[in-house]
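Here's the letter readout for the chains.
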2 protein chains.
Amino acid sequence: ADAGAEAAARDRQMSLTKPPGSLGRLEDLACFMAAWQGDARPRINHAQAVVFAGNHGVCAQGVNPYPQEVTVQMVANFEAGGAAINQLCRASGADLSVVALDLDRPTEDFTQGPAMSAAETLDALRRGAAVVDANAQVLVLGEMGIGNSTVAAALAHAAFGGAAADWVGRGTGSDAAGRARKAEVVARGVAKHAGALGFELLAALGGREQAALCGAVLEARARRIPVLLDGFICTAAVAPLFTLDPALLDHCLIGHVSAEPGHAKLLDAIGKAPILSLGMALGEGSGAALALGILRAALECHNGMATFAEAGVSDA
Amino acid sequence: ADAGAEAAARDRQMSLTKPPGSLGRLEDLACFMAAWQGDARPRINHAQAVVFAGNHGVCAQGVNPYPQEVTVQMVANFEAGGAAINQLCRASGADLSVVALDLDRPTEDFTQGPAMSAAETLDALRRGAAVVDANAQVLVLGEMGIGNSTVAAALAHAAFGGAAADWVGRGTGSDAAGRARKAEVVARGVAKHAGALGFELLAALGGREQAALCGAVLEARARRIPVLLDGFICTAAVAPLFTLDPALLDHCLIGHVSAEPGHAKLLDAIGKAPILSLGMALGEGSGAALALGILRAALECHNGMATFAEAGVSDA
């Protein structure tokens, strides 16, 4: 990131017609964008949104009340424009694409062995990286995959410890018995792959959409494109990168804190504050797309407001 | 509000391609709009935003580091398009108007007597009511007035008790000594007008922009137009209505919780949860205008998403 551009953006914020700091997080967001774009007047002319979809072998353990066919059906819904993420991307001005990752070939059940081979993991990482548009000024990331709240809980538990149950929530609609089963499955999977970190962790407990998310995040990092991550699943997906080096996520904002109870705990663990808190738990990138509207508003203020000098307003 | 339209909107939410409840607050916002518009498919084609500005006699007590001329200067900035609220209304698609209320004639100092006469209070109420566009589908309300965080603290303290200092914050930029002075002034004002409620409270401790906000809120209530209130000042401004009947605020949403420490306490007192929490404390309607984007997104999802049946997605 560009410290000079960030400092210039901070100076500009101090000169705008408002009490210093009174736009709160909006000021920080504008300065963050300045740092990553290397421009004291950052812009979002092109926002890219990508939803990665995958299927998971751990569904064999009965962790989800929905059948895995729903992943394919929801991808069709994304492509037809009928899902929440379509409406939210339209509302916030993001170009949405959907990447379905071998949905007819779920990963392996991580309670039995690694979810993916090294080659499969690398392939998904590459596919995630390849989809990033070099001209995007911000990248909104989301996911879809029946069973992937169990995968997320396993990644978070392996990366940050605690008890398996701390990381397990309702997901797409589990009841109390379903949650208990999820926690037990997560505990078994994490015990089986104890000690795995980084790439190995991603392969052992992750899935194709998790690996693709990591690939997209790394590609965006290399291109200095700021990223808006969605909720619990997306944050857990990049936990393996955090275990390698927290700085790999420096260009990432968290769109919202999910109603999934593990998400607040996960955000504490990685030291990031969400932009929104609206009790959402849908995934698809919905919270990140909604937060893009806040990010745009922050830049509208940053670039559009008059300074005290321009407006002839008395500075204190 | 229309319970039938609200129930129909809730049914629609349950049929959309997402786990029930997974859009969290967005679902509630869509149903709230349905109830007030009397339409299961509520729309925002026309959003009106109004900023009321006033000046305050209590500034004679040295409660603000900025001179009162800043109110006039900021009104000119609003009219020239240079303030935060201009950028935020453009970003969220609201038509902004600014109503300057006798800025050359501040209210009286409430530590010496009532801030306004009954006639002045009524006049400001009427001017607030008159500005409401009958065709607006949502009304965004904000304010500007040097000294009005002291007025807000006094109204909140009088309406809801506690200690004066509980309701006093930095405002436009007071230091610790300034806060102590504000708290002392608020305590004296509230003691002087002890027991005042409703209209009398508004006249005793309020100001013209507070009365105009009450007038606009009542007019919107009568026309069933949902209102997005901004932060601490706006919420405190309608506290006199709450003391008469909490239902007078049933059509009001709170755009954000301000960084002013009294605001969270005030929201607890009136039983309303803010939409956003971004550490903002600017006023002008900035938090409400930003929340309009969330409200619009909620309706985009509500009206634009496919149902399970339409999309051929398996319902659990």
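No experiment lies behind these values; they were computed from the predicted model shown. Numbering of residues begins from 1 in every chain and follows the order in which that chain's sequence is written. Chain letters start at A and ligand numbers start at 1, both assigned in the order the entries are written. Residues qualify for local features only when their pLDDT is at least 70, as the model is predicted, and side-chain atom pairs are given and counted only at 80 or more; totals for whole chains, interfaces and linings, by contrast, use all residues. Values reported for side chains reflect all heavy atoms of the structure, with hydrogen atoms and water molecules removed beforehand.

A. Seen up close, the sheet that holds strand β1 (residues 47–53) of chain B. All names here are of chain B. In this description, strands pair whenever DSSP reports at least two bridges between them. Secondary structure elements follow DSSP: runs of H or I of four or more residues count as helices, runs of E of two or more count as strands, with numbering from the N terminus. Across the sheet, which stays open at both edges, the six strands sit in the order β2-β1-β3-β4-β5-β6 with parallel pairing between neighbours. Both outer strands of the open sheet, β2 (94–100) and β6 (274–276), are each paired with one neighbouring strand and no more. The mean inter-strand angle of the sheet, taken between neighbouring strand axes irrespective of direction, is 30 degrees. Where strand β3 (residues 138–144) meets strand β4 (residues 227–229), three bridges bridge the pair, whose relative direction is parallel. Each residue of the ladder has a partner; that of Val-140, found in β4, is Leu-228. Where helices are involved, their axes are fitted lines through C-alpha atoms of the stretch in contact, as for all axes, and angles between N-to-C directions lie from 0 to 180°.

B. The arrangement of the packing of helix α4 (residues 84–92) of chain A against helix α13 (residues 286–304) of chain A in detail. All names here are of chain A. Running from N to C, α4 and α13 point in directions that differ by 10 degrees, and their axes come no closer than 9 Å. Classified by the angle between their axes, α4 and α13 sit roughly parallel to one another. Where α4 abuts α13, its residues Ile-85, Leu-88, Cys-89 and Ser-92 lie against Ser-286, Ala-289, Leu-290, Leu-292, Gly-293 and Arg-296. Tallied by class, residues from the contact of α4 with α13 come to six nonpolar, three polar and one charged. Under this scheme an angle from 65 to 115 degrees is roughly perpendicular, one under 35 degrees roughly parallel, and one over 145 degrees roughly antiparallel; angles in between are oblique. Whether two residues are in contact is decided by their heavy atoms, any of which lying within 4.5 Å being enough. Only Asp, Glu, Lys and Arg are considered charged, only Ala, Val, Leu, Ile, Met, Phe, Trp, Tyr, Cys and Pro nonpolar, and every remaining residue, Gly among them, polar.

C. Summary view of the nonpolar core. To define a nonpolar core, start from buried Ala, Val, Leu, Ile, Met, Phe, Trp, Tyr and Cys residues and group those joined through side-chain atoms within 4.5 Å. A 1.4 Å probe rolled over the protein chains alone gives each residue an accessible area, and that area as a share of the maximum for its type sets the label: buried under 20%, exposed over 50%, partly exposed in between. One finds Leu228(A), Ile294(A), Leu228(B) and Ile294(B) to be the most contacted residues of the largest nonpolar core, which totals 104 residues. Contact partners of Leu228(A), with chain neighbours within four places excluded, come to Val138(A), Leu139(A), Val140(A), Leu141(A), Leu253(A), Gly255(A), Ile275(A), Ala288(A), Ala291(A), Leu292(A) and Leu295(A).

D. Region of the structure containing the interface of chain A and chain B. At the interface, 47 residues of chain A touch 48 residues of chain B. Contact between chain A and chain B buries roughly 3600 Å² in total, counting both sides, with carbon and sulfur atoms accounting for 67%. Take a side-chain nitrogen of Lys or Arg and a carboxyl oxygen of Asp or Glu: if they are within 4 Å of each other, that pair is a salt bridge. There are two salt bridges connecting chain A and chain B. When the shortest N-O distance is used, the salt bridge between Arg90(B) and Glu300(A) registers 2.5 Å. Within 3.5 Å is the distance limit for a polar contact, defined as a pair of N or O atoms, with the added protein rule that one can donate a hydrogen and the other accept it, and that residues adjacent in sequence qualify only through two side-chain atoms. Viewed at the interface, chain B and chain A are joined by 14 residue pairs in polar contact (both at pLDDT 80 or more). Among the elements of the structure, α2 (25–37), α3 (69–80), α4 and α13 of chain A are those that each provide at least two residues to the side of chain A that touches chain B. By residue number, the principal contributor to the side of chain A that touches chain B is α13(A), which donates six residues. A breakdown of the residues in the side of chain A that touches chain B according to their chemical character gives 26 nonpolar, 15 polar and six charged. Put simply, buried area is how much 1.4 Å-probe accessible surface two parts lose in total, over both of them, once they are put together.

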